[in-house]
Amino acid sequence: ARPLAGAGRPAAPPPRQSGGRSFRRASGGGGVRMEATAPGRARRGWRGWRRAPAVGSRLFRAAIVLLLSAFGVRAPPPVNVYVMVHQKSPHVLCVTQRLRNSEMIDPSFQWHGPRGKIISENSTAKVTSTGSLIFQNFEENMSGVYTCFLEYKPTVEEVVKNLQLKYVVYAYREPHYYYQFTARYHAAPCNSIYNISFEKKLLQILSKLVLDLSCEVSLLKSECHRVKMQRAGLQNELFFTFSDTEKSSKPCVDHSCESSKRLSKAKNLIERFFNQQVEVLGRRAEPLPEIYYIEGTLQMVWINRCFPGYGINIMKHPKCPECC
């Protein structure tokens, strides 16, 4: 490139066309600039540009940093917290993970819940000296958004910083567990009264089996059908659908009820009952009775169901997929 007369700077490269506007890259004197001109207008010369003073730029950047530090750090996104009804909650912290491992000078914590400011002496919610929020006996109506306002100094010389942390606290219950099981019986003709009396007797036996476990067996459906067997022609069969559930319709208020363990014991008793029927039939020397259990037809399915007002949402609550 040829030097400009009396300038001592390299000549500017030819203009670059882009979308009807010409751009010229200019360098020298410690700065890089791009100039843009509309088509048909004369380009401004080198002396038409003035660089912004470097000292002013530094002062401007320092003022921005000071302003951001005075207003605190950007608040992190809300965090979901799940607290079981009638239970004590974990400590809900009023610090980020980074601040938890850092020194804070003169920290000040203030919690606000769905109904306003939380007093540290509250009977249902307690604020510790380190700013953690603890719920003593969580109720459904205590669910909602909880916000902690934190003020602190990183060092004695620095200005006060502010941080706002949000938590969405959900009350949850364990699902209402129950077993649904089906079984098939060889039956009398479908219009026979013997089928009806057998149905009542079978329900009484199953209910008595689980009575001591505070569970109950309900008959959901009973149907009689004529079934074409592969090599035995037509025969009548009873199709039963039962449910094995807790006797009380109210949800547990503590862990003492252990509904899942009781239901598992009830399931084992019911399975043993049907297996014993197969064993008894196998030892019979005389012909089979008219109504008897068909081996291998017992099917038991574990079902979760939430109480009214609650629901399971795996997409919205991936950290608590089975919570009601």
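Residues numbered from 1 in each chain as written. Predicted model: local features only at pLDDT ≥ 70, side-chain atom pairs only at ≥ 80, totals over all residues. Heavy atoms only, no water.

In the nomenclature of an unreviewed UniProt entry, the chain is known as Zona pellucida-binding protein 1 of Galemys pyrenaicus.

Assigned secondary structure in the chain consists of four helices and 15 strands. Here the chain, with 324 residues, has 31% of them falling under the buried criterion. Element-wise, carbon and sulfur atoms account for 54% of the exposed surface of the chain, whose accessible area totals about 21,600 Å². (Helix = DSSP H or I, 4+ residues; strand = E, 2+ residues; numbered from the N terminus. Buried < 20%, exposed > 50% of the residue type's maximum accessible area, 1.4 Å probe, protein only. Areas by Shrake-Rupley, 256 points an atom, 1.4 Å probe, with all protein chains shown as cover.)

The next thing to look at is the nonpolar core. Residues Trp111, Leu133, Phe135, Tyr146, Leu150 and Val169 are the most contacted members of the largest nonpolar core, which totals 28 residues. Sorting the residues of this core by element identifies β4 (79–84), β7 (125–127), β8 (133–135), β9 (144–153) and β10 (161–172) as the ones contributing at least two each. The greatest single-element share of this core, amounting to five residues, is contributed by β10. Look past the residues within four positions of Val169 in its chain and what remains in contact with it is Val81, Val83, Phe135, Phe138, Ser143, Gly144 and Tyr146. (Core = buried A, V, L, I, M, F, W, Y, C linked by side-chain atoms within 4.5 Å. Contact = heavy atoms within 4.5 Å.)

This part takes up the pattern of salt bridges. This model, assessed by the stated rule, comprises four salt bridges. Of the charged contacts, one joins Arg173 and Glu140 as a salt bridge, the two residues approaching to 3.0 Å between their closest N and O atoms. Here Glu140 lies in the loop between β8 and β9 and Arg173 lies in the loop between β10 and β11 (176–186), a separation of 33 residues in the sequence. Ionic pairing is found between Glu271 and Lys267, a salt bridge with its closest N-O pair at 3.0 Å. Of this pair, Glu271 and Lys267 both sit in helix α4 (residues 259–283), four residues apart, which is roughly one turn of the helix. Overall, the relative accessible area of 26% leaves Glu271 in the partly exposed class. (Salt bridge = Lys/Arg side-chain N within 4 Å of Asp/Glu carboxyl O.)

Now for the side chain of Ser192. Along the polypeptide, Ser192 turns up in the loop between β11 and α3 (193–209). For Ser192, a relative accessible area of 14% puts it in the buried group.

Our focus in this paragraph is the pairing of β9. One ladder, built from six bridges, connects strand β5 (residues 105–113) with β9; its direction is antiparallel. Bridge pairing in β9 places Ser108 opposite Glu151. Strand direction decides the pairing type here: β9 and β10, joined by nine bridges, are antiparallel. Paired with Leu150 across the bridge in β10 is Leu163. (Pairing = 2+ DSSP bridges.)

Turning our attention to α3. The first and last C-alpha atoms of α3 sit 25 Å apart over 17 residues, in line with the 24 Å expected at 1.5 Å per residue. Among the residues of α3, Asn195, Leu202 and Leu206 are the ones counted as buried. Taken around the axis of α3, the buried residues stretch over an arc of 30°, which confines them to a single face. Relative to its buried face, α3 has exposed residues pointing more than 90 degrees away, namely Ile193, Lys200, Gln204 and Lys208. Packing partners of the buried residues in α3 comprise β11, β12 (215–229), β13 (233–246) and α4. The backbone nitrogen of Tyr194 has a side-chain oxygen 3.1 Å away, supplied by the residue at the start of α3, namely Ser192. (Expected span 1.5 Å × (residues − 1). Arc of directions from axis to C-beta. Polar contact = N/O pair within 3.5 Å; in protein donor to acceptor, adjacent residues only side chain to side chain.)

At their nearest, the axes of α3 and α4 sit 9 Å apart, and the two run at 135° to each other. As judged from the angle between their axes, α3 and α4 are oblique. As for the relative orientation of α3 and α4, their crossing is right-handed in sense. On α4, the residues that touch Leu202, Ile205, Leu206 and Leu209 of α3 are Leu269, Ile270, Phe273 and Phe274. Along the lines of polarity and charge, the residues of the contact of α3 with α4 split into eight nonpolar, no polar and no charged. (Axes fitted to C-alpha atoms, helices over the stretch in contact; angles between N-to-C directions. Parallel < 35°, antiparallel > 145°, perpendicular 65-115°, else oblique. Left-handed = near helix turned anticlockwise from the far one by under 90°. Nonpolar A, V, L, I, M, F, W, Y, C, P; charged D, E, K, R; others polar.)

The topology assignment puts Thr245 in strand β13. Taking the relative accessible area as the measure of exposure, Thr245 reaches 12% and is therefore buried. One polar contact links Thr245 to His176, side chain to side chain, over a distance of 3.3 Å.

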